[in-house]
Amino acid sequence: MDGDRVEIDGGIMEGGGQILRVSTALSCLLGLPVRVRRIRAGRSQPGLRPQHLSGLEIVRDLCDGKLNGGEIGSTEISFTPGKIKGGTHIADTKTAGSVCLLMQVAMPCVLFAASPSELHLKGGTNAEMAPQIDYTVMVFKPIVEKFNFTFNCDIKRRGYYPQGGGEVVVQMSPVKELSPINLTERGTVTKIYGRAFVAGALPIKLAKDMSAAAVRCIRKEIRDLYINIQPVREPDDQAVGTGSGIIIVAETSTGCLLAGSSLGKRGKNSDKVGIEAAEMLLKNLKHGGTVDDSLQDQLIIFMALAKGVSRVKSGPITLHTQTAIHFAEQLTKAKFTVTKSEEEDPGNDTYIIECQGMGMINTNL
């Protein structure tokens, strides 16, 4: 079998866990054995961290695959996929490793399973260097469902850095194929809303301060819209540990959703957390694209799998997106083109990401 393995260099481009997620998900979907070398070569702690290993293990379990080299710190793995099956699967990082990143690797696979799936994902729900679960529910879910599938995401418990302990249950049914998407009309911003949260030992006042600071910051640029950022204290029985953060979403007249978010941490002023999220949102609104920086790369694998041509208008192409495109093209027959968007104000850094998808068909259905 080894002669037919696709060799993946895990140290190029973004050089992180994303290469593992994209290549193992596609390996599972396409029935292609892969070997990934130089895993996270450029990181301060190279090799597999707990959340990467949990992601590999859930994909292995989803398809009765074989995983070699699956240990913490390992810089090379080989993966041989089997047949994707539905049912209940559990992935537990046992750390604050992100449940959203576990969802990123497992979700494309279970769409092409033989029967419905229920994923119990355990770890951090609001972690640094990953989308917050609120982002996944408020932005990623409504947009990705335009590919013509639906899923349910139930936040059982929230878990924060350093111990994690959160749990999210994702339920989804398989599809025959994915439809392409066309997200090229931004429209105008019609509403801005969000949530500022505290959990554990932190007082609700911090959530109110984050919210107020964010509103003041947005008001400088956008004066005429009602901004509704709810301060929330997470119920003690639904949160493990102490954490705080904020997410702000702008919705447009064409149904686009763009967001900014930030997490609190010890010694970081709550006003600063609110302002960071507001500035991120304003930056995402400025470029005139239909998706924000965090969503850009998460759509690539679905565009590659869909049947037909997908088009998405975005701001500057992130390194994560370039990386996802590179490996999606290496493993599938999908073809991507990225062109500067002409109709915009020339000062705007706007691009059209176009993909002729491979038209993956679910042979299990």
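Residues numbered from 1 in each chain as written. Predicted model: local features only at pLDDT ≥ 70, side-chain atom pairs only at ≥ 80, totals over all residues. Heavy atoms only, no water.

As recorded by an unreviewed UniProt entry, the chain carries the name RNA 3'-terminal phosphate cyclase and is attributed to Pardalotus punctatus. Reading the Catalytic activity (unreviewed entry) entry of the UniProt record for the chain gives the comment "a 3'-end 3'-phospho-ribonucleotide-RNA + ATP = a 3'-end 2',3'-cyclophospho-ribonucleotide-RNA + AMP + diphosphate". (UniProt positions renumbered as here; feature names shortened; annotations may be inferred.)

Student: So what exactly am I meant to see when it comes to the pairing of strand β11 (residues 227-233) here?
Tutor: Regular strands place their side chains on alternate faces of the sheet. Pairing of strand β10 (residues 189-199) with β11, which is carried by seven bridges, proceeds in the parallel orientation. Bridge pairing links Ala-196 to Pro-231 in β11. You can see the chain leave β10, run along helix α5 (residues 204-219) and come back into β11, and the turn it takes is right-handed. (Pairing = 2+ DSSP bridges. Helix = DSSP H or I, 4+ residues; strand = E, 2+ residues; numbered from the N terminus. Right-handed = clockwise from strand over helix to strand, strands pointing away.)

Student: Please clarify how empty space enclosed by the protein should be interpreted in this entry.
Tutor: A probe as big as a water molecule, rolled over the atoms, marks out the empty space that is left. Taken as a whole and judged by the stated rule, the model has three cavities of 30 Å³ or more. Approximately 150 Å³ is the volume found for the largest cavity. Lining the largest cavity are 13 residues; nearest its centre among them are Val-22, Gln-104, Asp-297, Gln-298 and Ile-301. Of all elements in the fold, only α1 (17-30), α3 (99-111) and α8 (300-305) reach the threshold of two or more residues within the lining of the largest cavity. Across the lining of the largest cavity, the residue classes tally to eight nonpolar, three polar and two charged. (1 Å grid on protein atoms, 1.4 Å probe; cavity = no way out; pocket = protein on both sides within 12 Å on 5 of 7 lines; lining within 4 Å. Points joined across faces, edges and corners; volume = space filled by probe spheres on them. Nonpolar A, V, L, I, M, F, W, Y, C, P; charged D, E, K, R; others polar.)

Student: What is the right way to look at the sheet that holds strand β1 (residues 6-9) in this model?
Tutor: The strands that make up a sheet pair up through hydrogen bonds in the backbone, lying either parallel or antiparallel. With mixed pairing, four strands are arranged side by side in an open sheet as β1-β2-β4-β3. Each of the sheet's edge strands pairs with one partner strand only, and the pair in question is β1 and β3 (66-68). Within this sheet the neighbouring strands show an average axis-to-axis angle of 15°, counted without direction. Relative to strand β4 (residues 77-80), β3 runs antiparallel, the two sharing three bridges. (Axes fitted to C-alpha atoms, helices over the stretch in contact; angles between N-to-C directions.)

Student: Could you clarify how one ought to interpret the nonpolar core in this entry?
Tutor: As a rule of thumb, soluble globular proteins bury nonpolar side chains together. Formed by 83 residues in total, the largest nonpolar core has its most connected members in Phe-147, Phe-149, Phe-151, Leu-178, Leu-299, Phe-302 and Phe-336. The element that contributes the greatest number of residues to this core is α3, accounting for ten residues. In terms of domain composition, this core takes at least three residues from each of domain 1 (6-183 + 291-358) and domain 2 (189-287). Apart from residues no more than four positions distant in its own chain, Phe-147 is found in contact with Leu-178, Ser-179, Ile-181, Leu-299, Phe-302, Met-303, Ala-306 and Ser-310. In terms of nonpolar packing, the next biggest core, distinct from the first, is built from 23 residues, Ala-207, Ile-222, Cys-256 and Leu-282 among them. (Core = buried A, V, L, I, M, F, W, Y, C linked by side-chain atoms within 4.5 Å. Buried < 20%, exposed > 50% of the residue type's maximum accessible area, 1.4 Å probe, protein only. Domains from an automatic or database assignment. Contact = heavy atoms within 4.5 Å.)

Student: Sorry, what's going on with the UniProt feature "domain: RNA 3'-terminal phosphate cyclase insert" (unreviewed entry) in the chain here?
Tutor: With numbering matched to this structure, UniProt assigns "domain: RNA 3'-terminal phosphate cyclase insert" (unreviewed entry) to residues 184-285. As a span, residues 184-285 carries 31% helix and 36% strand, and end to end its C-alpha atoms are 14 Å apart.

Student: Honestly, the UniProt feature "domain: RNA 3'-terminal phosphate cyclase" (unreviewed entry) in the chain in this entry has me stumped. Any pointers?
Tutor: Here the UniProt feature "domain: RNA 3'-terminal phosphate cyclase" (unreviewed entry) sits at residues 13-338. Structurally, residues 13-338 comprises 33% helix and 27% strand, and the distance from its first C-alpha atom to its last is 17 Å.

Student: So what exactly am I meant to see when it comes to the domain arrangement of the chain here?
Tutor: Interfaces are often described in size by the accessible area the parts lose on coming together. Segmentation of the chain into domains returns domain 1 (6-183 + 291-358) and domain 2 (189-287). Distance from the C-alpha centre of domain 1 to the C-alpha centre of domain 2: 25 Å. On the domain 2 side, the residues contacting the 29 residues of domain 1 number 28 residues. In total, about 2100 Å² of surface goes out of reach between domain 1 and domain 2, with carbon and sulfur atoms giving 58% of it. By the criterion of area lost to domain 2, the three top residues of domain 1 are Gln-132, Met-138 and Tyr-160, representing 29% of everything that side buries. In this structure, the connection of domain 1 to domain 2 is made through four salt bridges. Close ionic contact of Arg-195 with Asp-134 constitutes a salt bridge, the shortest N to O distance being 3.0 Å. Here domain 1 is connected to domain 2 by nine residue pairs in polar contact (both at pLDDT 80 or more). At the level of elements, α4 (133-144) and β7 (151-159) are the ones that each hand at least two residues to the side of domain 1 that touches domain 2. Looking at which element gives the most residues to the side of domain 1 that touches domain 2, the answer is α4, with six residues. For the side of domain 1 that touches domain 2, the per-class residue count stands at ten nonpolar, ten polar and nine charged. (Buried area = accessible area lost by both parts, 1.4 Å probe. Salt bridge = Lys/Arg side-chain N within 4 Å of Asp/Glu carboxyl O. Polar contact = N/O pair within 3.5 Å; in protein donor to acceptor, adjacent residues only side chain to side chain.)

Student: How do you make sense of the pattern of salt bridges when you look at a structure like this?
Tutor: Oppositely charged side chains are able to pair whenever their charged atoms sit close together. Under the defined criterion, the tally for this structure stands at 24 salt bridges. Across the pair Arg-311 and Glu-354 runs a salt bridge, and its minimum N-O distance is 2.9 Å. With Arg-311 in strand β15 (residues 309-314) and Glu-354 in strand β17 (residues 351-356), this pair connects stretches of sequence that are 43 residues apart. Overall, Arg-311 belongs to the partly exposed group, its relative accessible area being 31%. On the basis of relative accessible area, Glu-354 is assigned to the partly exposed category, the value being 29%. Taken together, the shared-partner salt bridges connect Glu-7, Arg-35, Arg-37 and Glu-76 into one network.

Student: Help me understand the environment of Gly-187, please; the structure alone is not making it clear to me.
Tutor: Relative to the helices and strands, Gly-187 resides in the loop between β9 (182-183) and β10. Residue Gly-187 is classed as partly exposed on the basis of its relative accessible area of 37%. In sequence terms Gly-187 and Gly-289 are 102 residues apart; their C-alpha atoms lie 9.8 Å from each other. Each residue touching Gly-187, except ones within four places of it in the same chain, is listed here: Thr-252, Ser-253 and Thr-254.

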